[in-house]
Amino acid sequence: MGIERGQYVQGPRIIQYAYQHRPTLGIERGAENGKLKPLNLPVAIFHFQAQCMNYTLPELMVAAAAREIRDGEIIFVGTRLPLLAFALAKKTHAPRAIGFFESGIIRDTPAQEVLYTMGDSPNILGAIQCGSTLDLMGMMQRGWVDAGFIGGAEIDKYGNLNTSYIGGKPHSDHPNPDFTRLPGSGGACDIAALARRLLIIMPHEKRRFKNRVDYITSPGYGTGGNWRETVGLPRGGPGAVITTRGILRFDPVTKEMYLASNHPGIPVEEILANTGWDLKVASDLKETPPPTREELNFIRAYDPTGFWTRG
Amino acid sequence: MNRKILSMQEAIARFVRDGMSIVAGTALESLIPFSAGHEIIRQGRRDLTLIGPISDILFDLLIGAGCVRKVVAAWVGNVMMGSGYNFRRAVEEGIPHPIDVEDHSNFTIALALHAAALGVPYLPTKTALGSDLPVNHPGMKEIGCPFTGEKLLAVQAIHPDIAIIQVQRCDPEGNAHIWGNTGITGDAARASRSLILVTEEIVSPDIIRSDPNRTLIPGFLVSAVVEEPWGAHPSPVQGYYNRDHGFYKDYHEETKTLEGFQKWLNRWVKGVETRHSYLQLLGEERIQELKVKKEALSAPANFGY
């Protein structure tokens, strides 16, 4: 057990998503509330393209993650897929978003080349500020950061994340092969504690989606309700969890995670079977929209070797 | 000759002793002083406490080589690839020997060093509240604000014995220019009792004084200056060389087993005497590939009056 890049998604999985069996999808989309809306042209074009579109699961996740970023927001960008999601959002619907990178970088344009770490040289060229970690963390503590993006190894039904000790923190310093030591918080705990909204990207497997995590590296909604307020956290909490199987959100009152959309081709039953608690499903469950041609073109041009999106 | 300027061997021999606490890798993924780490391994230091934010593979390497007794860090692993196998082996199996870990976040480690740099015993924050980081942590304690009563986390100051910091350029006194992200470097320099500066090049004091805003470390903080071109490889140094992604990937693959790590260590650290021979091993072709391809000079700032 352990978290490897290669395990980030399991197996080769290029999803063939064909719309052939749903020729009237454009109409259906506009048919909410029983009213037919006229099919507008861009949507029609999109669906025509979608008929012959292949994409990988990481590509779908990057596109879904990018859509969580709103134009003009300040985003605390975590490492790995969030690096791509931020760049994609900047190139598509959120051109005025600003990115904070915990090493001390602030950018208002995407880096010109794909990043393997936020410290890569292309992330510094053209930045609007290069400074210290403390300054950026301080601004986030002050309330400047609208949303932060992190990954996770384990999550529970209130969105608490563990990236430290699988099996729980041992009580002594004696080595204990019964647990797995993961790398730790990095900036994840800070982003989870202080950003106005937390966005999470992670694999959806039963062993990772637990009723209760063994160790809280990054606080979600604790035990639910107004827990964050009671422990002294100033704001925030998870807004969305983008997984390899769907997108999950949180009940505004109980703060319990629920399934908001399933990815194309992934049955709800499969998601429930891969969740370690009795996952609630939205009454208006949707299907995660696949990446558009424009999104795919950008992702593939940005990650030409497919390191992040074809691994 | 300025008496601060030393070879890497001399600087490590003189300033790094068994049992010391060392802060390193302070700019996060860039400017990591790998050449200093390699020399510490070659000189066989033991029982070190390593302090830092993420350290990329530097801490993993020192742990695997048996130099480390304790880690005080936010993250230990291989940023691009994931787990650090030596860190895992040490914590999970006690190989090559058990280590203590004090978990921080990037913000709390920055605050701990900032407190030391300011000369105060702790600083309050709202991060990590509700997380398990402060549970049984000797350097974190929940407190009430003396003015408003609200819950705060007190993060105790950390005073490392020594900081090892990689920079682009400095003068012979160690007045140092850094550009790009600085992470927690400024606070680490001011928090520590001594400081080894590893520089890509030593330049004249006039160059430093031509742009004093770019000076992150004033020379009076510096104990030793080591001129070591490519001292940060495989991490990047803006304006000098790029990150060697393949090196991190290979490290990840080759250190999965203990035997693999020993082979890696013998090849890249124990089998070379100096940075010069390390670079020969790396090969001219790879070095050319990593060099900066296209200059991007900043506009000059007018300091005249």
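Since the structure is predicted, the reported quantities are computational estimates derived from the model, not experimental observations.

Enquirer: Could you clarify how one ought to interpret the sheet that holds strand S9 (residues 161–162) of chain A in this entry?
Expert: Each strand in a sheet pairs with its neighbour through backbone hydrogen bonds, running either in the same direction (parallel) or in the opposite one (antiparallel). Residue and element names in this part refer to chain A. Taken together, three strands build an open sheet; the order of strands is S9-S8-S13 and the sheet is mixed. The open sheet has two free edges, formed respectively by S9 and strand S13 (209–210), since each of these has just one partner strand. As defined by bridge partners, strand S8 (residues 154–156) adjoins S13 across two bridges and the pair is classed as parallel. Bridging across to S13, Ile155 finds its partner in Phe209.

Enquirer: Would you mind going over a nonpolar patch on the surface with me for this structure?
Expert: A cluster of nonpolar side chains, Leu272, Val281 and Leu285 of chain A, forms an exposed patch at the surface whose accessible area comes to about 190 Å². Relative to the elements of secondary structure, Leu272 of chain A occurs in helix H9 (residues 268–273).

Enquirer: Is there a simple way to explain the interface of chain A and chain B in this structure?
Expert: Buried accessible area, meaning the area lost when the parts come together, often serves as the stated size of an interface. Each partner contributes to the interface: chain A provides 58 residues, whereas chain B provides 60 residues. Both sides together, the interface formed by chain A and chain B hides about 4,500 Å², and carbon and sulfur atoms give 55% of it. On the chain A side of the interface with chain B, the three residues burying the most area are Leu134, Arg181 and Pro183 of chain A, jointly 15% of the side's total. On inspection of chain A and its partner chain B, the count reaches one salt bridge. Put simply, Arg181 of chain A and Asp103 of chain B hold a salt bridge, and the shortest N to O gap is 2.9 Å. Mapped onto the side of chain A that touches chain B, the elements with two or more residues apiece are helix H5 (121–124), helix H6 (133–142), strand S11 (180–181), helix H7 (188–194) and helix H8 (227–231) of chain A. Per element, the largest residue contribution to the side of chain A that touches chain B is five residues, and it comes from H6 of chain A. Looking at the side of chain A that touches chain B residue by residue, the class counts come to 28 nonpolar, 21 polar and nine charged.

Enquirer: How do you make sense of the sheet that holds strand S8 (residues 140–144) of chain B when you look at a structure like this?
Expert: All names here are of chain B. Spatially, S7-S9-S8 is the arrangement adopted by the three strands of the open sheet, whose pairing is antiparallel. Both edges of this open sheet fall to strand S7 (122–125) and S8, since each of them pairs with a single strand only. Across this sheet, the average inter-strand angle for adjacent strands is 35 degrees, counted without regard to direction. Pairing analysis gives five bridges linking S8 to strand S9 (residues 151–156), with the strands arranged antiparallel. Within S9, the position partnered with Met140 by the bridge is Val155. Here helix H5 (residues 106–118) sits on the sheet in contact with S7, S8 and S9, set at roughly 140 degrees to S7.

Enquirer: I keep staring at the packing of helix H3 (residues 57–67) of chain A against helix H4 (residues 81–91) of chain A and nothing clicks. Help me out?
Expert: Helix packing geometry: the angle between the two helix axes and the distance between the axes. Residues and elements named next belong to chain A. One way to put it is that H3 packs onto H4 with a least axis distance of 8 Å and a crossing angle of 60 degrees. For the element pair H3 / H4, the angle class is oblique. The handedness of the crossing between H3 and H4 is right-handed. Packed against H3, whose contacting residues are Val62, Ala63, Ala65 and Ala66, the element H4 presents Leu81, Leu84, Ala85, Leu88 and Ala89 at the interface.

Enquirer: Can you walk me through the pattern of salt bridges in this structure?
Expert: Pairs may arise between side chains of opposite charge once their charged atoms sit close together. Throughout the structure, instances matching the rule amount to 28 salt bridges over all chains. With a shortest N-O distance of 2.7 Å, Glu150 of chain B and Lys126 of chain B are connected by a salt bridge. Linking Glu150 of chain B in the loop between S8 and S9 with Lys126 of chain B in the loop between S7 and S8, this pair joins segments that are 24 residues apart in sequence. Across the pair Lys256 of chain B and Glu253 of chain B runs a salt bridge whose closest N-O atoms are separated by 3.3 Å. What emerges from the salt-bridge pattern is a single network uniting Glu59, Arg300 and Arg310 of chain A.

Enquirer: How should I be thinking about helix H8 (residues 245–254) of chain B in this particular structure?
Expert: Since the α-helix packs 3.6 residues into each turn, any two residues three or four apart lie on the same face. Residues of H8 of chain B that are buried: Phe247, Tyr248, Tyr251 and His252 of chain B. The buried residues of H8 of chain B occupy one face: seen down the axis, they fall within an arc of 140 degrees.

Enquirer: Please explain the side chain of Asp60 of chain B as it appears in this structure.
Expert: Residue and element names in this part refer to chain B. Tracing the chain through its elements places Asp60 in helix H3 (residues 57–64). Look at Asp60: it is buried, it has no salt bridge, and the nearest opposite charge is Arg89 at 6.2 Å. Engagement of the side chain of Asp60 in a polar contact is seen with the backbone nitrogen of Asn86, the distance being 3.0 Å. Residue contacts for Asp60: discarding those within four places in its chain leaves Val76, Gly84, Tyr85, Asn86, Phe87 and Tyr251.

Enquirer: Even after reading the chapter, I still don't get the packing of H3 of chain A against helix H10 (residues 293–302) of chain A, so can you show me in this structure?
Expert: Residues and elements named next belong to chain A. Packing of H3 against H10 leaves a shortest axis separation of 10 Å and a crossing angle of 110 degrees. In terms of orientation, H3 and H10 fall into the roughly perpendicular class. As H3 runs across H10, the sense of the crossing is right-handed. Taking contact as the criterion, the partners of Glu59, Val62, Ala63 and Arg67 in H3 are, on H10, Glu295, Leu296, Ile299 and Arg300.

Enquirer: Help me out: how do you make sense of the nonpolar core in this one?
Expert: Nonpolar side chains tend toward joint burial in soluble globular proteins. Core analysis: the biggest nonpolar cluster contains 180 residues, and Val241 of chain A together with Val16, Ile22, Ile40, Ile196, Leu197 and Ile217 of chain B have the highest contact counts within it. Excluding residues that lie within four positions of it along the chain, Ile196 of chain B makes contacts with Ala11, Ile12, Phe15, Val16, Ile162, Ala163, Ile164, Ile165, Ala224 and Val226 of chain B.

Enquirer: Would you take a moment to explain the pairing of strand S7 (residues 147–151) of chain A for this structure?
Expert: The side chains of a regular strand alternate between the sheet's two faces. All names here are of chain A. Among the five residues in S7, four count as buried, and that is most of the element. Pairing of strand S3 (residues 74–76) with S7, which is carried by two bridges, proceeds in the parallel orientation. Bridge pairing in S7 places Phe76 opposite Gly148. In this sheet, strand S12 (residues 198–202) lies alongside S7 in parallel orientation, the contact comprising four bridges. Opposite Gly151, over in S12, you have Ile201 as the bridge partner.

Enquirer: So what exactly am I meant to see when it comes to the packing of aromatic side chains here?
Expert: Here a ring pair, both rings aromatic, is described through the centre-centre distance and the interplanar angle of the planes. Applying the stated criterion across every chain, the model contains 16 aromatic pairs over all chains. Between Phe307 of chain A and Trp308 of chain A, the aromatic rings sit 4.7 Å apart at their centres with planes inclined by 85 degrees, giving edge-to-face as the arrangement. Relative to Trp264 of chain B, the ring of Phe247 of chain B lies with its centre 5.9 Å away and its plane at 75 degrees, an arrangement referred to as edge-to-face. With Phe247 of chain B in helix H8 and Trp264 of chain B in helix H9 (residues 258–270), the pair connects residues that are 17 residues apart, well separated along the chain. The ring of Tyr165 of chain A has Arg181 of chain A sitting right over it, with the charged end atom 4.3 Å from the ring centre. Looking at Arg243 of chain B, its charged tip hangs above the ring of Tyr248 of chain B, at a distance of 3.7 Å from the centre.

Parameters at a glance
Residues numbered from 1 in each chain as written. Chains lettered and ligands numbered in written order. Predicted model: local features only at pLDDT ≥ 70, side-chain atom pairs only at ≥ 80, totals over all residues. Heavy atoms only, no water. Pairing = 2+ DSSP bridges. Helix = DSSP H or I, 4+ residues; strand = E, 2+ residues; numbered from the N terminus. Patch = residues over 30% accessible without salt bridge, like charges linked within 9 Å, V, L, I, M, F, W, Y side chains within 5 Å. Areas by Shrake-Rupley, 256 points an atom, 1.4 Å probe, with all protein chains shown as cover. Salt bridge = Lys/Arg side-chain N within 4 Å of Asp/Glu carboxyl O. Contact = heavy atoms within 4.5 Å. Buried area = accessible area lost by both parts, 1.4 Å probe. Nonpolar A, V, L, I, M, F, W, Y, C, P; charged D, E, K, R; others polar. Axes fitted to C-alpha atoms, helices over the stretch in contact; angles between N-to-C directions. Parallel < 35°, antiparallel > 145°, perpendicular 65-115°, else oblique. Left-handed = near helix turned anticlockwise from the far one by under 90°. Buried < 20%, exposed > 50% of the residue type's maximum accessible area, 1.4 Å probe, protein only. Arc of directions from axis to C-beta. Lys, Arg positive; Asp, Glu negative; His and termini not counted. Polar contact = N/O pair within 3.5 Å; in protein donor to acceptor, adjacent residues only side chain to side chain. Core = buried A, V, L, I, M, F, W, Y, C linked by side-chain atoms within 4.5 Å. Phe/Tyr/Trp six-rings, centres within 6.5 Å; stacked < 30°, edge-to-face > 60°. Lys NZ or Arg CZ within 6 Å of the ring centre and 35° of its normal.

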